[in-house]
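Chain by chain, the residues:
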Amino acid sequence: MEKSEKVFLDYIHDKDLNQSEKDILSYLIQKKFENQQRSIRRAADDLFVSTTSIIRVCKKLGFSGYSEFTYNLGLKVTQMVDSESESVAGIHGPYEETLEEFAENFKLTFGAIGEKNIEDFLDEIERNKMVYFYGAGFSTLFSNYLAKKLELFGYYVSNASTSDSRAIFFNNIQKYNLLIIFSRSGETSKVIEKVQIAKDKGLKTVLFTGNRKSTTAQMADIVFSVLDPTIESQREFQVTSFESNMFMLIDIILILAVKRGIMKEY
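Residues numbered from 1 in each chain as written. Predicted model: local features only at pLDDT ≥ 70, side-chain atom pairs only at ≥ 80, totals over all residues. Heavy atoms only, no water.

Report on the overall build of the protein chain, specifying residues and quantitative values.
Looking only at helices and strands, the protein chain has eleven helices and five strands in total. Dimensions along the principal axes, computed over C-alpha positions, put the protein chain at roughly 90 × 40 × 35 Å. The burial tally for the protein chain puts 40% of its 266 residues in the buried class. When contacts within the protein chain are restricted to residue pairs at least 6 apart in sequence, those whose partners lie at least 24 apart make up 69%. As displayed, the protein chain has an accessible area near 15100 Å², and 51% of this comes from carbon and sulfur atoms. Looking at charge distribution, the protein chain has the averaged site of its 33 positive side-chain charges lying 4 Å from that of its 37 negative ones. (Helix = DSSP H or I, 4+ residues; strand = E, 2+ residues; numbered from the N terminus. Buried < 20%, exposed > 50% of the residue type's maximum accessible area, 1.4 Å probe, protein only. Contact = heavy atoms within 4.5 Å. Areas by Shrake-Rupley, 256 points an atom, 1.4 Å probe, with all protein chains shown as cover. Lys, Arg positive; Asp, Glu negative; His and termini not counted. Charge placed at Lys NZ, Arg CZ, Asp CG, Glu CD.)

Shown next, in the form of structure tokens:
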């Protein structure tokens, strides 16, 4: 809602103004927001009404006349502009600080992503058109995202999570040669178990994680590590750049796959 509209609605609340009177009020408010001073005579000429009509509107709004109304209107406009400025100033510092933090984490993450890892991963998805996905906790969001993207490019995918039983995983994995895992900590016992099963079956394993020193990271064939600001505090529910950087990493890899001709956009 426009600021001028908010002031307009505030004035006409519980007031019985006809449409012509509302038009006069709207004009006066708009000119005040545009910082254009209007004498009552100039306002009347612009509106093609009499000065008496303008005074009648002011009195209907509860003021003694035009001067008192314009004084009150000036206060309202000033308060609204000052309030908005304070609100913006209140978030400016945290906003800039967060942008700088996210930008720094982005640089650190993608500066550490090895191009050899990306190359090896592209080779795997070029060879394997059937991919098994496994996600733990909130990381299932990333797992589902990449699985759906590959599915759109014609891949056959299956998606499992820690809620699925060991037997289901064991039976389904038989027909795959590539397992992609998403685990923020890399220390979830069910994830470690599934990676071990995959390795015993001879599958290539690719891990996307926030902990490059984890047990799972030591086991996987290809590891993509996204900087996780909560790695020491273990406060995984804290809002950080981890999630956005993980999604960007996935999209960058997909773009590279398209550029290399592994996938074709339709």
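Give me the pattern of salt bridges: which residues, what numbers.
All chains considered together, the criterion is met by 15 salt bridges. The residue arginine 260 makes a salt bridge to glutamate 119 at a minimum N-O spacing of 2.3 Å. One end of the pair, arginine 260, is in the segment after α11 (242-259); the other, glutamate 119, is in helix α6 (residues 115-127), with 141 residues separating them in the sequence. When the shortest N-O distance is used, the salt bridge between lysine 194 and glutamate 193 registers 2.8 Å. (Salt bridge = Lys/Arg side-chain N within 4 Å of Asp/Glu carboxyl O.)

Just give me the short version of the sheet that holds strand β3 (residues 178-183), but keep the residues and values in it.
With parallel pairing, five strands are arranged side by side in an open sheet as β2-β1-β3-β4-β5. One side of each edge strand has no neighbouring strand; the edge strands of this open sheet are β2 (156-161) and β5 (222-225). Strand-to-strand, the axes of this sheet are offset by a mean angle of 15°, without reference to chain direction. Alignment of strand β1 (residues 130-135) against β2, held across six bridges, turns out to be parallel. Within the sheet, the bridge partner assigned to phenylalanine 133 lies in β2 and is asparagine 159. (Pairing = 2+ DSSP bridges. Axes fitted to C-alpha atoms, helices over the stretch in contact; angles between N-to-C directions.)

Describe the packing of helix α2 (residues 19-33) against helix α3 (residues 40-47), with residues and values.
In contact at an axis separation of 11 Å, α2 and α3 are set at 120° when each is read in the N-to-C sense. If you check the angle between α2 and α3, you find them oblique. By crossing handedness, the relation of α2 to α3 is classed as right-handed. Between α2, through Asp23, Ile24, Tyr27 and Leu28, and α3, the contact on the second element is made entirely by Ala43, Asp46 and Leu47. Class assignment for the residues of the contact of α2 with α3 results in five nonpolar, no polar and two charged. (Parallel < 35°, antiparallel > 145°, perpendicular 65-115°, else oblique. Left-handed = near helix turned anticlockwise from the far one by under 90°. Nonpolar A, V, L, I, M, F, W, Y, C, P; charged D, E, K, R; others polar.)

Before we move on, could you go through a negative patch on the surface and cite the residues and values that matter?
Residues Glu96, Glu97, Glu100 and Glu101 make up a contiguous surface patch of negative charge. Within the fold, glutamate 96 resides in helix α5 (residues 66-112). (Patch = residues over 30% accessible without salt bridge, like charges linked within 9 Å, V, L, I, M, F, W, Y side chains within 5 Å.)

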